[in-house]
Amino acid sequence: PVVIYTKIIFLISKNWAEDGSFFYTFYAMTGLTNAVFLVIYGFTGASKVMAYCSRSTEEIVGLFISIAFVVDSVKYILKEFDYYYYSCLSVNGTMDIMKRASDIAAATDCDQTRPVLSLLLLLVTVYVGVVIFNFKYSPYLTADKRVVVADYALVVAVAVGTFLGSYVFRHIDVGKFYVNEERAMFKVITFESPPTGAVVAAIGLGFIMSILFFMEGNISASVVNSPCNKLKKGPAYHHDMVVTGLINAIMSVFGLPFVHGSLPHSPLHVRALAEIEEYIDNGNLTEKIVYVRETRLTTLISHIMIGASVLLIPYPLNMIPIPVLYGLFVFLAVTSLGDFQLWERLVLIFTEQTLYPLSIMFGRSHRRSFTVSPSYRYCSSSGFVLFPSEVLLI
């Protein structure tokens, strides 16, 4: 959602400068306005309204973000096929497949191998990542070693996709990670008498973005602090809003990407730190979190490494093909679906009723019933139905 929002900011900024030179100024104004609203939300305790947010609302937002990842990747592949594949089959609006490939290439920007390879790299990245991620369910090695291998699924998947795209098929240009080396990395944005209309538009966009950050940040924190995770340290919703606002104010001044609580990364992080116990319940393999290693070191080290990644710009980050990045998005979406109980219920619509699992989420009196057990109520912040009102509104 933030990437899409940034694109909207860029398109609106072209109303004052067609060449896009006003983008950074408009981006900074929007970000500062967003930061001010977030700080206000924190000091006024606005996060208290999230007490009225049900489990269904939280999961719908998380599921929406996962679907957005997949939809964005599909749109990218369709665009590649439309521009580079079908343009080779049609010249001047007529089908001319008998024409020599060299003549068609001269008339259009066609390259039929590019979209096919892009689709291949995306699928390979997702497949390798999912296979390694599910290695923890295999009978090989010990339980601890299987978890360690599964934790590096994302890294291995990107490495395999990059190797195929940048070495094996290096003669085919599928687009690479672009870095604007002309602009300084930590250049302070200048505000030189921005138009009044731009200021008003920035305030409006900043307010809408603050609502997005407020909802996503609080929902991420709520999912992380779910009773099922058995966390010992208490939450700090208002403190998070203030800190997020202050960080985004600094990022806006330098024209850097915004920071916010995100799904599905936050729940995946908790799961990576959790000690999970597997047991058989009525013939079904069930997982239960025993405890979570609550430490600040993992987030501190990971963000230090994220900051150190600027040393990899432009090389070797510019070796990563664009389809591999979209495959990464799909991988995050697919691997996060298992955490959504709403998704499990949607899958049951297409499952034969005699094959319904007798798990803790269903009553044992009749397989066709959807009676919620007390243990499930404990893990939920409120009741959960198969089709909540939010789904009907969507």
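Residue numbers here run from 1 along each chain, matching the order of that chain's written sequence. This being a predicted model, a pLDDT of at least 70 is required before a residue's local features are given, and a value of 80 or more before pairs of side-chain atoms are given or counted; all residues contribute to the totals for chains, interfaces and linings. Heavy atoms throughout the structure, all of them, feed into the side-chain values; hydrogens and water do not.

## Some details on the overall build of the protein
Scanning the protein for helices and strands turns up 15 helices and four strands. To sort residues, take the accessible area from a 1.4 Å probe on protein chains only and compare it with the maximum for the residue type: under 20% means buried, over 50% means exposed, and anything in between is partly exposed. Looking at the protein as a whole, 38% of its 394 residues qualify as buried. Any pair of residues with heavy atoms lying within 4.5 Å of one another is described as a contacting pair. Partitioning the intrachain contacts of the protein with sequence separation of at least 6 by distance along the chain shows that 73% fall at a separation of at least 24. About 22900 Å² of surface is accessible on the protein, with carbon and sulfur atoms providing 67% of the total. Counting from the N terminus, the helices are the DSSP runs of H or I reaching at least four residues and the strands are the DSSP runs of E reaching at least two. Only the protein chains shown count as cover for residues, and the accessible areas themselves come from Shrake-Rupley with a 1.4 Å probe.

## Quick notes on the nonpolar core
One broad trend across soluble globular proteins is that nonpolar side chains are buried collectively. Among buried residues, the Ala, Val, Leu, Ile, Met, Phe, Trp, Tyr and Cys ones that are joined through side-chain atoms within 4.5 Å form a nonpolar core. In terms of nonpolar packing, the biggest core is built from 22 residues, with Ile9, Phe22, Phe26, Met29, Met209, Phe213 and Phe258 touching the most fellow members. The greatest single-element share of this core, amounting to seven residues, is contributed by helix 8 (residues 196-224). Excluding residues within four positions of it along the chain, Phe22 makes contact with Ser13, Trp16, Ala17, Met29, Pro194, Pro195 and Ala198. Residues Ile132, Ala153, Val174 and Phe331 belong to the second largest nonpolar core, which totals 16 residues.

## Quick notes on a nonpolar patch on the surface
Patch criteria: residues need more than 30% relative accessible area and no salt bridge. Like-charged residues are merged within 9 Å; nonpolar side chains of Val, Leu, Ile, Met, Phe, Trp and Tyr are merged within 5 Å. Counted as salt bridges are all cases of a side-chain nitrogen of Lys or Arg within 4 Å of a carboxyl oxygen of Asp or Glu. A surface patch of nonpolar side chains, about 470 Å² in accessible area, is lined by Met185, Phe186, Val310, Leu311 and Ile313. On the basis of relative accessible area, Met185 is assigned to the partly exposed category, the value being 35%.

## Remarks on the environment of Val116
Along the polypeptide, Val116 turns up in helix 5 (residues 113-133). Here the alpha-carbon distance between Val116 and Tyr85, two residues 31 residues apart in the chain, equals 8.4 Å.

## A closer look at helix 7 (residues 153-168)
Between its first and last C-alpha atoms helix 7 spans 21 Å; for 16 residues at 1.5 Å apiece the expected length is 22 Å, and the two agree. Every buried residue of helix 7 is listed here: Ala153, Ala157, Val158, Gly161, Thr162, Gly165 and Ser166. Viewed along the axis of helix 7, the buried residues span an arc of 160°, placing them on a single side of the element. Structurally, helix 7 contributes buried residues whose contacts are with helix 5, helix 6 (143-151) and helix 12 (322-336). How far a helix is expected to stretch is found by multiplying one less than its residue total by 1.5 Å. The reported arc concerns the directions from the helix axis to the C-beta atoms and nothing else.

## Things to note about unusual backbone geometry
In this structure, Leu141 takes a positive phi of about 60° despite not being glycine. On the secondary structure map, Leu141 appears in the loop between helix 5 and helix 6.

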